[in-house]
Amino acid sequence: MKESYLIRIRGIVQGVGFRPFVYRLARQYGITGSVCNDGQGVLVRAEGNRSDLDRFIRDISGNPPPLARIEEVETSPAGYRGYSSFSVTGSKTGKEKNTFIPPDTRVCDQCLTEYQNTRDRRYRYPFITCTHCGPRFSIIRDIPYDRKNTTMAPFPLCNECHREYRDPLDRRFHTQPTACPRCGPRLSLADPQGHCLIRGDVPEIVSRVISDLDQGKIVALKGVGGYHLACDATNSRAVRRLRSRKKRPFKPFALMTGNLDSAARVVELGKRERELLESAQRPIVLLREKPNRILSPQVAPHLSHQGIMLPYSPFQFSLFEDNPLRFLVMTSANISDEPIIYSDREIFGKMGRVADLFVTYNRDIHTPSDDSVLFVVDEQSHFIRRSKGYVPVPFFSSPAPVDILATGADLKNTFGLAKDKFLIISQPTGDLQSPATQEEMLRSLDNFTTLFDLDPRVVVSDRHPGYFSTSIGRRLTRKGASWTRVYHHHAHIASVLEEHRSAGPVIGLAFDGTGYGADGHLWGGEFLVADTTGFQRAAHFSYFPLPGGEKAILEVYRIGLALLYQAYGENIPLPLSPRDRQIITLIRKDIHCPRCCSLGRIFDGISSLLGISRVITTEAEAAIRLEETAFKSSDQNRFFPIRYRPHPLPDADFLIETESLVQAIVGLIHDRVPLPVISYAFHQSLARLTGEICAELRKIHQINRVALSGGVFQNRLLLKQIIDQLQKKQFQVLTHRELPPNDGCIAHGQLAVAKAWWKKGILQP
Ligand code: ZN
Ligand code: ZN
Ligand code: FE
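The structure presented is a predicted model; accordingly, all values stated were derived computationally and were not measured.

**Some words on the coordination of the iron ion (ligand 3)**
Think of it this way: four donors in a tetrahedron around the metal ideally sit 109.5 degrees apart, and six in an octahedron ideally sit 90 or 180 degrees apart.
Thinking step 1. For the iron ion (ligand 3), the protein coordination sphere consists of H488 (NE2), H492 (NE2), D512 (OD) and D743 (OD), at 2.0 to 2.2 Å.
Thinking step 2. Coordination geometry of the iron ion (ligand 3): the four donor atoms subtend angles of 92 to 161 degrees at the metal centre, consistent with an arrangement described as irregular.
Thinking step 3. Counting the intervening residues between successive donors of the iron ion (ligand 3) yields the motif H-x3-H-x19-D-x230-D. Remark: D512 occurs in strand 23 (residues 506-516) and H492 occurs in helix 13 (residues 488-499); sequence separation between them is 20 residues.
Thinking step 4. Judged by relative accessible area, D512 falls into the buried class, the value being 3%.

**A closer look at the sheet that holds strand 18 (residues 404-406)**
Thinking step 1. One open sheet accounts for six strands, arranged 17-20-19-18-21-22; its pairing is mixed. Strand pairing shows two members of the sheet lacking a second neighbour, strand 17 (395-396) and strand 22 (482-486), which therefore form its edges.
Thinking step 2. As defined by bridge partners, strand 17 adjoins strand 20 (residues 422-425) across two bridges and the pair is classed as antiparallel. Across the sheet, F395 pairs through a bridge with L423, a residue of strand 20.
Thinking step 3. Relative to strand 18, helix 22 (residues 746-760) is tilted by about 140 degrees, and along the sheet it contacts strand 17, strand 18, strand 19 (416-419), strand 20, strand 21 (458-462) and strand 22.

**Some points on the coordination of the zinc ion (ligand 2)**
Thinking step 1. Of the protein atoms, only C158 (SG), C161 (SG), C180 (SG) and C183 (SG) coordinate the zinc ion (ligand 2), at distances of 2.3 Å.
Thinking step 2. Considering all four donor atoms around the zinc ion (ligand 2), the spread of angles at the metal, 103 to 118 degrees, places the coordination shape in the tetrahedral class.
Thinking step 3. Within one chain, the residues donating to the zinc ion (ligand 2) are spaced in sequence as C-x2-C-x18-C-x2-C. Of this pair, C161 sits in helix 4 (residues 159-166) while C180 is found in the loop between helix 4 and strand 6 (187-190), placing the two residues 19 residues apart along the sequence. Of the two residues examined, C161 and C180, each falls in the buried class.

**Brief notes about the environment of L242**
Thinking step 1. The topology assignment puts L242 in helix 6 (residues 236-246).
Thinking step 2. Ignoring anything within four residues of it in the chain, the contact list for L242 reads I218, L229, C231, F253, V329, T331 and V354.

**Focus on the sheet that holds strand 5 (residues 86-88)**
Thinking step 1. Strands sit in the order 4-1-3-2-5 across an open sheet of five strands; the sheet is mixed. Every other strand in the sheet has two partners, leaving strand 4 (69-77) and strand 5 as the edge strands with one partner each. Adjacent strand axes in the sheet meet at a mean angle of 15 degrees when their direction is disregarded.
Thinking step 2. Taken together, the eight bridges between strand 1 (residues 3-12) and strand 4 define a ladder with antiparallel strand orientation.

**Re the pairing of strand 12 (residues 305-309)**
Thinking step 1. Among the five residues that make up strand 12, five are buried, leaving the element largely enclosed by the rest of the structure.
Thinking step 2. The two faces of strand 12 match: H305, G307 and M309 on one face and Q306 and I308 on the other face are all buried.
Thinking step 3. When strand 10 (residues 254-257) meets strand 12, the two strands line up parallel, connected through three bridges. Residue pairing in the sheet places A254 in a bridge with G307 of strand 12.
Thinking step 4. The pairing of strand 11 (residues 284-288) with strand 12 spans four bridges and is antiparallel. Paired with L286 across the strands is G307, a residue of strand 12.

**Brief notes about empty space enclosed by the protein**
One simple way to see leftover space: roll a probe sized like a water molecule over the atoms.
Thinking step 1. Tallying each qualifying case throughout the model produces five cavities of 30 Å³ or more.
Thinking step 2. What lines the largest cavity is a set of 22 residues, among which P126, F127, V224, S313 and P314 lie closest to the centre.
Thinking step 3. Of all elements in the fold, only strand 8 (219-222), helix 9 (314-318) and strand 14 (357-361) reach the threshold of two or more residues within the lining of the largest cavity.
Thinking step 4. Element by element, the count of residues in the lining of the largest cavity is highest for helix 9, at three residues.
Thinking step 5. Of the residues assigned to the lining of the largest cavity, the class counts are 13 nonpolar, six polar and three charged.
Thinking step 6. Estimates place the volume of the second largest cavity at around 110 Å³.
Thinking step 7. Taken together, 15 residues make up the lining of the second largest cavity; nearest its centre are Q14, G15, R19, N37 and H174.

**Overview of the nonpolar core**
Thinking step 1. Within the largest apolar cluster, 83 residues are counted, with the highest numbers of intra-cluster contacts made by L509, I606, L661, F682 and L708.
Thinking step 2. Apart from the residues within four sequence positions on either side, L661 is in contact with F541, I602, I606, F640, I642, F682 and L686.

**A closer look at the packing of helix 17 (residues 599-609) against helix 19 (residues 658-670)**
Between two packed helices, the angle of one axis relative to the other and the distance separating the axes together describe the packing.
Thinking step 1. The interhelical angle for the contact between helix 17 and helix 19, taken along N-to-C directions, is 20 degrees, at an axis separation of 11 Å. Considered as vectors, helix 17 and helix 19 are oriented roughly parallel to each other. Here helix 17 and helix 19 pass one another in a crossing that is right-handed. Residues I602, I606 and L609 of helix 17 touch helix 19, and the partners they reach there are T658, L661, V662, I665 and I669.
Thinking step 2. Per-class residue counts for the contact of helix 17 with helix 19 are seven nonpolar, one polar and no charged.

**Here we look at the layout of surface pockets**
Thinking step 1. Here the second largest pocket defines a volume of roughly 670 Å³.
Thinking step 2. Looking at the second largest pocket, it is lined by 31 residues, and the ones nearest its centre are R69, Q281, Y390, V393 and E738.
Thinking step 3. The residue inventory of the lining of the second largest pocket, partitioned by class, reads 14 nonpolar, seven polar and 10 charged.
Thinking step 4. For the lining of the second largest pocket, the two domains that each supply at least three residues are domain 1 (3-88) and domain 2 (187-375).

**Brief notes about the domain arrangement of the protein**
Thinking step 1. Domain assignment breaks the protein into domain 1 (3-88) and domain 2 (187-375).
Thinking step 2. Summarising the inter-unit geometry, the C-alpha centres of domain 1 and domain 2 are found 42 Å apart.

**Let's talk about the pairing of strand 11**
Thinking step 1. Where strand 11 and strand 15 (residues 373-377) come together, three bridges link them in parallel fashion. The residue bridging I284 from the neighbouring strand is V373, located in strand 15.

**Quick notes on the packing of aromatic side chains**
Thinking step 1. In the structure shown here, the tally under the stated rule is 18 aromatic pairs.
Thinking step 2. Here Y125 and F127 contribute two aromatic rings whose centre-to-centre distance is 5.5 Å and whose plane-to-plane angle is 65 degrees, an arrangement assigned as edge-to-face.
Thinking step 3. Judged by centre distance (4.9 Å) and plane angle (70 degrees), the ring pair of F603 and F682 falls under edge-to-face. Placement of the pair is F603 in helix 17 and F682 in helix 20 (residues 675-701), with a sequence separation of 79 residues.
Thinking step 4. On the basis of relative accessibility, which here comes to 1%, the residue F603 falls in the buried class.
Thinking step 5. Judged by its relative accessible area of 0%, F682 is buried.
Thinking step 6. Put simply, the rings of F137, F415, F448 and F452 touch in pairs and so form one group of aromatic residues.
Thinking step 7. Note that R614 overlies the ring of Y557, its terminal NZ or CZ placed 4.0 Å from the centroid.

How each quantity is defined
- Residues numbered from 1 in each chain as written.
- Chains lettered and ligands numbered in written order.
- Predicted model: local features only at pLDDT ≥ 70, side-chain atom pairs only at ≥ 80, totals over all residues.
- Heavy atoms only, no water.
- Donors = N, O, S within 2.8 Å, 3.2 Å for Na, K, Ca; no water.
- Tetrahedral: all angles 85-135°; square planar, octahedral: opposite > 155°, others 65-115°.
- Helix = DSSP H or I, 4+ residues; strand = E, 2+ residues; numbered from the N terminus.
- Buried < 20%, exposed > 50% of the residue type's maximum accessible area, 1.4 Å probe, protein only.
- Pairing = 2+ DSSP bridges.
- Contact = heavy atoms within 4.5 Å.
- Axes fitted to C-alpha atoms, helices over the stretch in contact; angles between N-to-C directions.
- 1 Å grid on protein atoms, 1.4 Å probe; cavity = no way out; pocket = protein on both sides within 12 Å on 5 of 7 lines; lining within 4 Å.
- Points joined across faces, edges and corners; volume = space filled by probe spheres on them.
- Nonpolar A, V, L, I, M, F, W, Y, C, P; charged D, E, K, R; others polar.
- Core = buried A, V, L, I, M, F, W, Y, C linked by side-chain atoms within 4.5 Å.
- Parallel < 35°, antiparallel > 145°, perpendicular 65-115°, else oblique.
- Left-handed = near helix turned anticlockwise from the far one by under 90°.
- Domains from an automatic or database assignment.
- Phe/Tyr/Trp six-rings, centres within 6.5 Å; stacked < 30°, edge-to-face > 60°.
- Lys NZ or Arg CZ within 6 Å of the ring centre and 35° of its normal.

Listed below in structure tokens is the structure:
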């Protein structure tokens, strides 16, 4: 007795070889029927014996193709039609769109073997790809995911490629971006004026690029998410030249090397770190540097860690074939903090004076992205940037009643959308102060709106009145939709809660750069008692002035002076320059001195008091150097008490006396305690204070869970110390898992809050 079923599979199931996989299973079990893609995922009609059908369905969820991610399999009985065979049918374009678009991944081993095989027809063809690998998100313009909706549209398949494309048993069956040297895009080499030097001859281009790199030249390489700038990382002159041409004196450069063995020569590698380096996502992993004479100290000046990644595109692999031990700087091509350059029109205009040689190709990158960045503490990975390889993989969530758009924050802006049971967070575009970044963010928003068929009934933004992302949120709220705003640090903590699929309540540590607070001041040293619907400010650092506002973020000595003035008034016990006295005057007269209690800014200020940083060139540089100084400490037992007292306001619990921290630091400076020891003691004291305050708050609020978010938690030392302190006190500690603790998580947290408000009826259209 034959039975008939409809099987609906949702998740990342298109463009990842799902239909051929189902086809092969059907043949194996003697199932007849059909499989097709549609707006909701994959739909299978299957007829056969009960036991065969059971095994067929079990294997579909049990062992899917490598890039697939199944979220849901739904089976329902269907009318028996008596199919005689099993067939694969084309995509059905429905009105409804699928919420899943596969991310870009590394070239797979099978393709790589073909790429390196002189007798394969795709030998040295750098656009080799198959169902299991290669670019996706970066080249998809619209869905359904068909070739005509990708940037491969201008390249019609040749007969041979077409034969593979149509054969359900071929690895390239329905691989939309498949191509070969006869029909696909071509690589070319150009000079800084954009004149083509070599077209198509890849071995020739590879050898020319390697020889130029070996001579210390800078090469722009068009990659998957945009252009990289590459140079020899063992050649200090080359790296210094890149620094001066890019006007980037401090910010570390990422490295690429041939394999794990090569990486192990310069950095320490744990198990999790090796897995991440070799994963299909190919992120940059921050790794502790070993003493070595290989890397130029210019790659990551003053830092004890190196950001390393392994090759992911076929062309990148060829740069390491002759010598896997080669180390290349591989940094995003951009102007200071602007977005990565990905268009061929812009690269020569903007990087013509930076790179000596350009490797490019005639296929467009539709959606740009930078490489993702992670680090590992105690075998747990933490994101600094979630981008290429991960975006736009959705997060499973509770169902959203309507489409929601979150516009995020202005620094490291990501935006996000809630649709059905999924949250999708964009790649970060950068800092929205620059017009170029604003333009790219708007373009990216448009792109997501098309790709995910977004029709937002609720738009949610930050509370900051001056944020570009806030004004965009208001502008994008169409008639009949509602616009709502969430406090920055509430969003931080809500993001952690959402990641753990929890509604709270929780003690939320929002240790951050700055965010607009409920009293209009700049927050960022917050102990909140929060759930997804609301928060109460339980404890915070006492306010200090931020002389010059935004200016103080780079001129951190201003913060150092403000901390001193707050702690000592006119009797500052450290020598002051005439310039310092001018700043003190500004503070005394309260001229453009917004009030701030951010821990990120306290780190900057302490870094300047210790003489580690005075004026910085990139955000968080002073704090990073303070952490680096602490790593060198010979004494890890020293700490000092930081005072706190009952909060003067009725609904808050404690006020932490920032001045007591500053006085303790000045005391250590006067005692001539070595800088690394002071830096370490500073971290350790903050961690102890955090543990104590959480314990006090637990007594008051009966909450045993602590959630950690905010840019300060990118500090590995402090993160580890705080987790240790909290665990010692038997707290359950929640940290971010799949999102960064910095403002890249804000859109995600905004979505969580908006959904909670909707559910409670606080928010209505
Ligand atoms: Zn492949
Ligand atoms: Zn072809
Ligand atoms: Fe923040």
